[in-house]
Every structure is written in structure tokens, then in C-alpha cells.
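Summary of structural features
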Amino acid sequence: MTPGSYMRTTGDTTEQLDLWPDQSFHFTSDGQAHAGRWHADPRQGAVVLDLGTSSLAFDVRNAQRLRPVAAQGDASQDFELSDSFSPAALNLPISGMLTYFADAATIVHCATGKLYPVAQDEDYLTLERAYLADRAGPAEPLFVTMDAVIEMRAQMEGPERLTVVPMAFTGAFPGEDCRLGNRSLDLQDAVWRMTALGDTELDPSIGSREPFMSFSPSEDMFLASVGCNTIRGGMSGSGSDLSFAQPMSSTMMACPDPLAALEAQLGDILSSVARYEIGGRTLRLMDAEGDRVARFRAAYLPFFR
């Protein structure tokens, strides 16, 4: 097996697996993006990707061909090594240790251990302000989470490099580090503070309590509130797939604006959810097109596994 960019094209869809010699990877498949660490399993003759809550194994067919173990001998599922190493752009939630020094920011991505420059556009100013407010001291690293794009970008000096573009800053956690970021949270591991519904950023003090959501997959149930009534209902899913059953029940308090409108928006959003992603302490609910419809941050961690 040779490190590089492995690709599989089906119709108009191209899946790509980028493997680096330092045992980090990027993977894009079915509209989803993953980044993390890989290892070789000599017993299976396979390369195994750590996807956080699960893993994915590829048979090493030869130095230039990988096949998903689940393909069970189907050669049409093979990924072939490209002639050039051109990493795919990823759009995903990430966590890492951010450092700002000499008017430039860098981040060590928890999932891969790679050091990336941070682009000074999109939501960069929010990220920089949070860093300056919460850092322990000048040039001290700070654990942060964000929705980000990782892509090749030109640098002021030197060749193009993979660069983190901060699309939406989601949280800073002074005193924490990648030992938390590398630990994969599951839905039930936390009470999740609701931070955004669609394009609406939520003020945690808007209601009589913080907007939240909690999950009990073992009971196929969830609880949620934007700060007034409590919504309860059923849920189901496997892997990263997630859906919420209709109808949902709710307490019947009269809620002032804008809480009443937000409750209606939450109900519409939950009915559109098709899957979820967790990166660090950030949870995103996604619709069937892969668009983010809600964002949360882990607020209370009842236990560590």
C-alpha cells in the first residue's frame, strides 16, 4: 500500500481517500467528510480508518488498489491510487489546539495531530476574539471547536498547504486539550446546549432555562427545549443516520415571542433531520442534502467511558 490519494468514481460521484505516511487520513464518501488516524492490520492485510464512533477497513489488494472489506470481493468498489497526491477539501466540525502569534494563527487538529495554518476569513475574527479572551497567556494554545473547511490554499511564503478555514466558531474551552477532543462523544454522553437553529444563533438566556437537547438511544427517546416548553419524542438511527418520529409531544405553556416561533422552527427542523456529526464537543444535525440544520455544544458530561 502506497500513501497518496485513492479514488473511486461511480456515475457523477467521486469518493476519495487520502492517506499520509504519518498515519493520518482524509475521507469523503456519500456527502460525508472524515479526518483521523489510520493503522495497518497485518492479520487482515487491511488499512483501518478510525472514524471516531466506528471504523472502516480496506483490503490492500496491491500497492495501488484498496477495496472496502464490506464490498466482499466486488472489484467495482475498489479505490485506485491517483497519479498525483491532491487532498480532497473537507467540510466538517473539528476540534483542536489554537495558537495565535505574530499576527498568524495555527491549529493542531485533534483528530489527525496535524498542524495547519488558519485562514483569516469567514468566521476568523470571532475565533481570534475568543482566543484573546480565553487564552492562558500570549501564544498559549487554547482548545477550540468550530465548523471548518480544510483545503489546499496558497501561502504568503512557500507552496500551497492544507489550511483550516473557520466557517463557524462554536466554542472555546480553557484548560482542556485534545485528550477530550480525541475522545469520541456519543449522543447520550452529554446534555447538548442548543446554539443554533438553521441560521439563527440562540441566546442561552432567552428563556427561563438554557435551550438544550438530550438523547437516550437505548430507549429511542429524546428531550428538547428552546427555553419554554419541553418537547419529547421518539428517535431512531444507525451509525451516523438519525431521524425523529412524528408526532412529538410537548408541555403546553404559553410561550412569549420569540420562543414560540423558535419552538415551531425546532419542530420543523427535527422532522427534516437525516443524520448527525460530532466533532470534539460540537454536535451538528444534518438534513438529507447534508446541510446543517442545528448546532449544539456539549454542556454537561455525566460520565467518561
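Relevant structure appears above.
Let me begin by describing the structure that accompanies this report.

The rules behind each value
- Residues numbered from 1 in each chain as written.
- Predicted model: local features only at pLDDT ≥ 70, side-chain atom pairs only at ≥ 80, totals over all residues.
- Heavy atoms only, no water.
- Helix = DSSP H or I, 4+ residues; strand = E, 2+ residues; numbered from the N terminus.
- Buried < 20%, exposed > 50% of the residue type's maximum accessible area, 1.4 Å probe, protein only.
- Pairing = 2+ DSSP bridges.
- Axes fitted to C-alpha atoms, helices over the stretch in contact; angles between N-to-C directions.
- Contact = heavy atoms within 4.5 Å.
- Disulfide = S-S within 2.5 Å.

Considerations on unusual backbone geometry
- The omega torsion across Gln246 and Pro247 is -5°, close enough to zero to call that bond cis.
- Within the fold, Pro247 resides in the loop between strand E19 (243-244) and strand E20 (249-250).
- Following Asp257, the chain continues into Pro258 via a peptide bond in cis, with omega recorded as 5°.
- Mapped onto the elements, Pro258 comes out in the loop between E20 and helix H3 (259-272).
- Here Gln23, not a glycine, exhibits a phi torsion of approximately 70°, which is positive.
- For Gln23, the location among the structural elements is in the loop between strand E2 (13-19) and strand E3 (24-29).
- In this structure Gln23 comes out as partly exposed when scored by relative accessible area, which is 31%.
- Despite not being glycine, Asp220 has its phi angle at roughly 55°, a positive value.
- If you trace the backbone, Asp220 turns up in the loop between strand E16 (212-216) and strand E17 (221-225).

Here we look at the sheet that holds strand E11 (residues 115-117)
- Strand order in the open sheet formed by five strands is E11-E10-E9-E12-E13, and the pairing between neighbours is antiparallel. On the outer flanks of this sheet lie E11 and strand E13 (161-172), each paired with one strand and no other. The average undirected angle you get between the axes of adjacent strands in this sheet is 45°.
- Pairing analysis gives 10 bridges linking strand E12 (residues 142-153) to E13, with the strands arranged antiparallel. Residue pairing for E13: Ala148 is matched across the bridge by Pro166.
- Sheet strands in contact with helix H1 (residues 124-134) are strand E9 (90-101), strand E10 (104-109), E12 and E13, and its direction is about 45° off that of E9.

Here we look at the state of the cysteines
- On inspection of all chains with the given rule, the structure shows two disulfides.
- Covalently, Cys110 is tied to Cys178 through a disulfide, its sulfur atoms 2.0 Å apart. As the torsion about the S-S bond is roughly -80°, the Cys110-Cys178 disulfide counts as left-handed. Here Cys110 is found in the loop between E10 and E11, whereas its partner Cys178 is found in helix H2 (residues 178-181), with 68 residues between them in sequence. In this structure, Cys110 and Cys178 share a single accessibility class: buried.
- Between Cys228 and Cys255 runs a disulfide, and the two sulfur atoms are separated by 2.0 Å. With the S-S bond torsion at -90°, the cross-link from Cys228 to Cys255 turns out left-handed. One end of the pair, Cys228, is in the loop between E17 and strand E18 (231-236); the other, Cys255, is in the loop between E20 and H3, and 27 residues separate them in sequence.
- Look at Cys255 and you get buried, because its relative accessible area is 16%.
- Ordering the disulfide-forming cysteines of the protein by sequence position, one finds them joined as 1-2, 3-4.

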